[in-house]
Each structure stands twice: as structure tokens, then as C-alpha cells.
Amino acid sequence: MTARRIGAGAIVLLGALYFLLPLWATFQFSLGMVRGTWSFQSYRVVFADQRFQETFLFSTVCALATIVLGALIVVPTAYWVRLRLPRLRPLVEFITLLPLVIPPIVLVFGYLRLYNSSSWLPFTSTLWGTNVLIVFGYTVLSLPYMYRAVDTGLQAIDIRTLTEAAESLGAKRHVVLLRVILPNVRAAVLSGAFLTFAIVIGEFVLASLLNRPAFGPYLQNVGANRAYEPAALAIIAFAVTWGCMILLQLAGGGAPGRPRALLKIGRRGR
């Protein structure tokens, strides 16, 4: 047992060093903008850059819109497939995995071909339409991760029993989905939301070819023209990612239980 613990500890230590040493080297390099001393000058330059603020805000808004749209599509679909159409699960899983096989550049060129200014749905003729189109593209790219997370959460609960119990108390199907199923898979939805946020923040191809001011093209542009600012941006992106993980743990830790949700429905039914 002692040898196993030592071996497990050594593996964890090696993994931590493999992860933390490059991060520390990047952070140390980002502090060397002023010669002869360590300073946060590169971070000041990044935060003072108007393009950083605009691109990060744009990508954050797109990420939130993508999370909402993805959840609205995936949660009812995964719930209905598991409840009523189990034979279609392989087909739905295959469809949701297609974004991992089809490159994003193929997706965006298809969008440009179908939704250009001369088509019957000219999304790209206006900024608003292009923004909507890029959110649709991000939703497609995040579909494998959101669907897998939600489907795993649904697998962990007995949705058929919960649905029948809620319907016996007089709840409609949409009430069952919102008041019973969704609270029980909240942690799974938040996991998919976190992955979606990470994908949207770092995505480059769609934003670049659709000519939108997103954070991914900004990172590429800064990395190609500057030295210390890209390292600072990498640390900032890492901090944002871990901040999302902490928020995920805090938000998902207090998911309401099934009896409470069914009790509320029973009281309303009366």
C-alpha cells in the first residue's frame, strides 16, 4: 500500500510539474518587459489596449449567447431522446460528433456560401446578421461538448420515473423539463457551459473569416507583432479559465434535489 501511494504521489507530482513549469516560465517571461527588473508593465499595456477590451467583451457576449442557445437546443433534445426515442440515440450522437470531424474552415465557408449578401438569407450583409451567424457557428462547434455533458447528467438520474411522478402531480411536459429535469442536471449543463465558454474565447477561424472583432484573432495578431504581451495574454486567459472552473464548482455544488422539486409541483397542482 505504501509503495502504491508513493507511486501515485510521484505520478501526480510529475503531472503537476509538467503543467506548472511551462506556466511559471510564461508568467516569468511576461514580467520581463522592463529590462533588469520584474514588472507588470506588459499586463498594464494589455489592459489599457482598447482592442483587448472590445474583443474580450465581444467574445464574452458571444459565449453567453452560445451557452443559452446551446442549452435551449441540447437539453430538450437529449431529454426527449432518452425518454421517448432511445433508438435514435446513435443517430443523434453521430450528428453531434460531426463538428469534431468537419473542420471549422469548411463550416465557415459553407456559411459564407449559403448566407452571403446575395442569398435568400443575407446574414452577412449586416453586422447584426453576421453576429447572429457567428453565434450559430459557435453553437455548432460546442455541440459535441454540451450534448455529452447533458447526456451524461441525464444518464445519472431516472428521468422516466421523475417524469411520471411529476405528471401524476399534474405537471405539463415543459414544467417537468424546467422544474424537475433541469435542476437535476444543472451541474452537467454548467460543465457544458464552461467548455463552450473556453471554445468561444479561443476560437479563431470563424471570427477571422467572418471579420468579427473576437478575442481569438486579437490573440493571434498580438502574438505575431509583440513579444511580452502574448505571454501576459496567455496568463490572463488561463486565469479566466480557472475562474470559470471555480464559478462552475460554486454554482453546481448546491443543485436542488428531486424531492424538493416534486414537492413544489405537488403543491402547485393542488
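Residues numbered from 1 in each chain as written. Predicted model: local features only at pLDDT ≥ 70, side-chain atom pairs only at ≥ 80, totals over all residues. Heavy atoms only, no water.

**Description of the overall build of the chain**
Which entries qualify depends on this criterion: To qualify as a helix, a DSSP run of H or I must reach at least 4 residues; to qualify as a strand, a run of E must reach at least 2; elements of each kind are numbered from the N terminus. For every residue, the accessible area (1.4 Å probe, protein chains only) is compared with the maximum for its type, and the residue is labelled buried under 20%, exposed over 50%, or partly exposed between those bounds. Contact criterion: two residues are considered in contact whenever any of their non-hydrogen atoms come within 4.5 Å of each other. All accessible-area figures derive from a Shrake-Rupley calculation using a 1.4 Å probe, and residue coverage is judged against the displayed protein chains alone. None of His or the chain ends enter the tally, which takes Lys and Arg as positive and Asp and Glu as negative. Charge positions are represented by NZ for Lys, CZ for Arg, CG for Asp and CD for Glu.
Of regular secondary structure, the chain possesses 13 helices and 0 strands. Seen along its three principal axes, the alpha-carbon backbone of the chain occupies a region of about 75 × 70 × 35 Å. Of all 270 residues assigned to the chain, the portion counted as buried reaches 37%. In the chain, 76% of the contacts between residues at least 6 apart in sequence involve partners at least 24 apart. Of the roughly 15800 Å² that the chain leaves accessible, carbon and sulfur atoms contribute 67%. Taking the average place of the 24 positive charges on the side chains of the chain and the average place of its 9 negative ones, the gap between the two points comes to 8 Å.

**Examining the packing of helix α5 (residues 104-114) against helix α6 (residues 127-155)**
Operational definition: Helix axes are fitted only over the stretch in contact, all axes being lines through C-alpha atoms; the angle between N-to-C directions runs from 0 to 180 degrees. Handedness of a crossing follows from how the near helix is turned relative to the far one, being left-handed for an anticlockwise turn of less than a right angle and right-handed for a clockwise one.
Two elements in contact, α5 and α6, have axes whose closest approach is 11 Å; the angle formed by their N-to-C orientations is 145°. In this structure, the crossing between α5 and α6 has a hand that is right-handed. Counting all contacts with α5, which are made through Pro104, Leu107 and Tyr111, the residues of α6 involved are Leu133, Phe136, Gly137, Val140 and Leu141.

**Regarding the nonpolar core**
Note the following rule: Buried Ala, Val, Leu, Ile, Met, Phe, Trp, Tyr and Cys residues that are joined via side-chain atoms within 4.5 Å together make up what is termed a nonpolar core.
Judged by nonpolar contacts, the single largest core of 36 residues is most densely connected at Phe52, Cys62, Ile134, Tyr138 and Leu233. At the level of elements, α2 (41-48), α3 (50-83), α5, α6, α9 (186-202), α10 (205-209), α11 (215-225) and α12 (229-252) are the ones that each hand at least two residues to this core. Per element, the largest residue contribution to this core is 6 residues, and it comes from α6. In this structure Cys62 touches Ile134, Val135, Tyr138 and Val200, once residues within four positions along its chain are discounted. Residues Ala78, Leu83, Met146 and Ile181 belong to the second largest nonpolar core, which totals 25 residues.

**Observations regarding the environment of Ile181**
Along the chain, Ile181 turns up in helix α8 (residues 173-184). When the C-alpha atoms of Ile181 and Ile159 are compared, they prove to be 7.1 Å apart, with 22 residues separating the residues in sequence. Setting aside chain neighbours within four positions, we find Ile181 in contact with Tyr79, Leu154, Ile159, Leu162, Thr163 and Val176.

**Looking at the packing of aromatic side chains**
Our working definition: Note on aromatic pairs: the rings of Phe, Tyr and Trp (six-membered ring only in Trp) are paired at centre separations within 6.5 Å, and the planes decide the class, stacked below 30 degrees, edge-to-face beyond 60, tilted for the rest.
Applying the stated rule across the entire model yields 15 aromatic pairs. Taking the centre distance of 5.8 Å and the plane angle of 45° together, the rings of Phe19 and Phe238 count as tilted. Here Phe238 lies in helix α12 and Phe19 lies in helix α1 (residues 2-30), a separation of 219 residues in the sequence. Taken together, a centroid distance of 5.6 Å and an interplanar angle of 85° make the contact between Phe47 and Phe52 edge-to-face. The class of Phe52 is buried, set by a relative accessible area of 7%. Grouping aromatic residues by their ring pairs yields a cluster made of Trp24, Phe27, Trp38, Phe40 and Tyr43.

**A word on the environment of Leu209**
Take Leu209: it is sitting in helix α10. In the structure, Leu209 is positioned 101 residues away from Val108 in sequence and 7.3 Å away in space, judged by C-alpha atoms.

**Structural notes on helix α4 (residues 89-101)**
Let me state the cut-off plainly: Here, expected helix span is obtained from the residue count minus one, scaled by 1.5 Å. The angle between axes fitted to the seven-residue stretch ending at a residue and the seven-residue stretch beginning at it gives the bend at that residue.
For α4, spanning 13 residues, the distance from its first C-alpha to its last is 19 Å, which sits close to the expected 18 Å at 1.5 Å a residue. The largest bend in α4 amounts to roughly 25° and is located at Ile95, with the proline Pro99 lying one to four residues further along. Looking only at α4, the buried set comprises Val92, Glu93, Thr96 and Pro99. Among the structural elements, α3 and α6 are those in contact with the buried residues of α4.

**Some thoughts on the side chain of Ser42**
Take Ser42: it is sitting in helix α2. With a relative accessible area of 0%, Ser42 lands in the buried category.

**Quick word on the packing of helix α7 (residues 159-168) against α8**
As a reminder, the rule being used: When an angle is under 35 degrees it counts as roughly parallel; over 145 it counts as roughly antiparallel; between 65 and 115 it counts as roughly perpendicular; any other value is oblique.
Running from N to C, α7 and α8 point in directions that differ by 135°, and their axes come no closer than 10 Å. Classified by the interaxial angle, the pair formed by α7 and α8 is oblique. Here α7 runs over α8; the crossing is right-handed. For the pair formed by α7 and α8, the contact residues are Ile159, Leu162, Thr163, Ala166 and Glu167 on the first element and Arg173, Val176, Val180, Ile181 and Asn184 on the second.

**Remarks on the pattern of salt bridges**
The cut-off we apply is this: Definition used for salt bridges: Asp or Glu carboxyl oxygen within 4 Å of a side-chain nitrogen of Lys or Arg.
Enumeration over the complete set of coordinates arrives at 4 salt bridges. Here Glu93 ties to Arg89 by a salt bridge, and the two come within 2.8 Å at their closest N and O atoms. Here Glu93 pairs with Arg89, and both are found in helix α4, just 4 residues apart, close to one helical turn. Classification of Glu93 as buried rests on a relative accessible area of 17%. Within this structure, Arg82, Arg89, Glu93 and Asp151 form a network of salt bridges that share partners.

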